[in-house]
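# What the coordinates show
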Amino acid sequence: MLTAERIEEHLARSPASQARVLRIARGKPTLLDRLWLRPELMMPEADPWQRAILQDRRSSCLILASRGSGKSAVTGRKALWNAMTNDHFVLVVSASEKQAFEYILQNVIGPYWNNPAVALKREPTMSEIEFAGGGRVVAESHSERSIRGYQGVNWLVLDEAAL
């Protein structure tokens, strides 16, 4: 829901954010504007609990759910949404390099190709997707060596409680 507080937050951010709010107010939102407004559109097949996570604007979330219930799918869509609509840097930390690659390919890059609302800065790799606006999602293994040095992380995903 677009609240007065959310409008003020985006008007204060940048000219691009101001343009987004104006397009929405004028009834002429782009696909990206619609995704920003309704993040649940990132996963139309979502269960109610997944939809609630996608709609939640808080900065942290802990999911306790059974195996195979769709935790990685929903956190991948949320990571993609944060990178595409808010130009955030999302770091995904998995238990192994193989799991990190699987996570980003299945839950971030795959869904992006189903809904390419933002131009890419360059072609995605096995561990990263970066958008022209500056948002990106990077997946790494949990080793100190692989995650040391990353700065400015806006959203952190600990896949399978990797740490």
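Reading guide: rules and limits
- Residues numbered from 1 in each chain as written.
- Predicted model: local features only at pLDDT ≥ 70, side-chain atom pairs only at ≥ 80, totals over all residues.
- Heavy atoms only, no water.
- Pairing = 2+ DSSP bridges.
- Helix = DSSP H or I, 4+ residues; strand = E, 2+ residues; numbered from the N terminus.
- Axes fitted to C-alpha atoms, helices over the stretch in contact; angles between N-to-C directions.
- Contact = heavy atoms within 4.5 Å.
- Salt bridge = Lys/Arg side-chain N within 4 Å of Asp/Glu carboxyl O.
- Buried < 20%, exposed > 50% of the residue type's maximum accessible area, 1.4 Å probe, protein only.
- 1 Å grid on protein atoms, 1.4 Å probe; cavity = no way out; pocket = protein on both sides within 12 Å on 5 of 7 lines; lining within 4 Å.
- Points joined across faces, edges and corners; volume = space filled by probe spheres on them.
- Nonpolar A, V, L, I, M, F, W, Y, C, P; charged D, E, K, R; others polar.
- Arc of directions from axis to C-beta.
- Parallel < 35°, antiparallel > 145°, perpendicular 65-115°, else oblique.
- Left-handed = near helix turned anticlockwise from the far one by under 90°.

The strand order β2-β3-β1-β4 describes an open sheet built from four strands, whose pairing is mixed. Each edge of the open sheet carries a strand with a single partner, namely β2 (128-130) and β4 (155-158). The mean angle between the axes of side-by-side strands here comes to 15 degrees, regardless of whether they run parallel or antiparallel. Sheet topology note: the strand β1 (residues 89-94)/β4 ladder contains four bridges and is parallel. The residue bridging Val 90 from the neighbouring strand is Trp 155, located in β4. Across the sheet, helix α5 (residues 71-86) touches β1, β3 (136-141) and β4, and the angle it forms with β4 is around 160 degrees. In the packing of helix α6 (residues 97-114) onto the sheet, contacts are made with β1, β2, β3 and β4, and the angle to β3 comes to roughly 160 degrees.

As enumerated under the stated definition, the model contains nine salt bridges in all. With a closest N to O distance of 3.5 Å, Glu 102 and Lys 98 form a salt bridge. Of this pair, Glu 102 and Lys 98 both sit in helix α6, four residues apart, roughly one helical turn. Look at Glu 102 and you get partly exposed, because its relative accessible area is 35%. Taking relative accessible area as the criterion, Lys 98 reaches 59% and is therefore assigned exposed. One salt bridge in this structure joins Lys 121 and Glu 130, with 3.7 Å as the shortest N-O distance. Residues joined by salt bridges that share partners form a network here, namely Lys 121, Arg 122, Glu 128, Glu 130 and Arg 136.

What follows is about unusual backbone geometry. For Asp 87, which is not glycine, the phi dihedral falls at a positive 55 degrees. With respect to the helices and strands, Asp 87 occurs in the loop between α5 and β1. Judged by its relative accessible area of 41%, Asp 87 is partly exposed.

A word on empty space enclosed by the protein. The tally for this structure, following the rule as stated, stands at one cavity of 30 Å³ or more. Counted as a void, the largest cavity has a volume near 40 Å³. Along its surface, the largest cavity is lined by Ile 53, Asp 56, Arg 58, Ser 60, Cys 61, Lys 78 and Trp 155. Looking at the lining of the largest cavity residue by residue, the class counts come to three nonpolar, one polar and three charged.

Below, the discussion takes up helix α4 (residues 48-55). Of the positions making up α4, those classed as buried are Gln 50, Ile 53 and Leu 54. Take α4 and look down its axis: the buried residues cluster within an arc of 100 degrees, on one side only. Contacts made by the buried residues of α4 are with α5.

We now examine the packing of α4 against α5. Packing of α4 against α5 leaves a shortest axis separation of 10 Å and a crossing angle of 25 degrees. Put simply, α4 runs roughly parallel to α5. Relative to α5, α4 is oriented so that their crossing is right-handed. On α5, the residues touching Trp 49, Gln 50, Ile 53 and Leu 54 of α4 are Lys 71, Val 74, Arg 77 and Lys 78. For the contact of α4 with α5, the per-class residue count stands at four nonpolar, one polar and three charged.

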